[in-house]
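# Structural features, examined
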Amino acid sequence: QVQLVESGGGLVQAGGSLRLSCAASGSTLSTYGMGWFRQVPGTEREFVAAISRNDGTYYADSVKGRFTISRDNAKNTMYLQMNSLKPEDTAVYFCAARYKIPPVTGTQVDYWGQGTQVTVSS
């Protein structure tokens, strides 16, 4: 069992930056592929980025070149550095874990965090 807790969300102006963190407990993070998803009310949860156990990274086209996913297994924590934020990045961002393989769809996720709100004003 893995517990995931996100932090770092907030309100930022367009063009600004935020760094999200996902702290894991209950199991060793290095066992899992990790990812970030986001959801706007009334829409489906969408893939943002994922990272494998050996630090291979995957990004949605909409965030490629602006967002960077990383992990620190020693701290049992994953990060999402978000730069050049746009109003369309506004969403609740969820941390996700999948045993051994990075999740790129919501149905692949074994564990979810509770989400953190990111709001980008224009």
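As shown above, the structure is provided for reference.
From a predicted model like this one, the values you see are computed outputs, not experimental measurements. (Residues numbered from 1 in each chain as written. Predicted model: local features only at pLDDT ≥ 70, side-chain atom pairs only at ≥ 80, totals over all residues. Heavy atoms only, no water.)

## Some words on the sheet that holds strand E3 (residues 18–25)
Judged by pairing direction, the sheet is antiparallel, and its four strands sit side by side in the order E1-E3-E8-E7 without closing on themselves. The sheet is open, and its two edges are formed by strand E1 (3–7) and strand E7 (67–72), each paired on a single side. This sheet shows a mean twist of 15 degrees between the axes of neighbouring strands, independent of strand direction. Two elements, E3 and strand E8 (residues 77–82), share six bridges in a ladder whose sense is antiparallel. (Pairing = 2+ DSSP bridges. Helix = DSSP H or I, 4+ residues; strand = E, 2+ residues; numbered from the N terminus. Axes fitted to C-alpha atoms, helices over the stretch in contact; angles between N-to-C directions.)

## Side note on the packing of aromatic side chains
The final tally for this structure, using the stated rule, is five aromatic pairs. Considering the side-chain rings of Phe37 and Phe47, the 5.7 Å spacing of their centres and the 75 degrees angle between planes classify their relative orientation as edge-to-face. You can see Phe37 sitting in strand E4 (residues 32–39) and its partner Phe47 sitting in strand E5 (residues 46–51), a full 10 residues away along the chain. Pair check on accessibility: Phe37 and Phe47 agree, each one buried. A connected cluster of aromatic rings, assembled from ring pairs, spans Phe37, Phe47, Phe94 and Trp112. The lysine or arginine in question, Arg45, covers the ring of Trp112, its NZ or CZ lying 4.5 Å from the ring centre. (Phe/Tyr/Trp six-rings, centres within 6.5 Å; stacked < 30°, edge-to-face > 60°. Buried < 20%, exposed > 50% of the residue type's maximum accessible area, 1.4 Å probe, protein only. Lys NZ or Arg CZ within 6 Å of the ring centre and 35° of its normal.)

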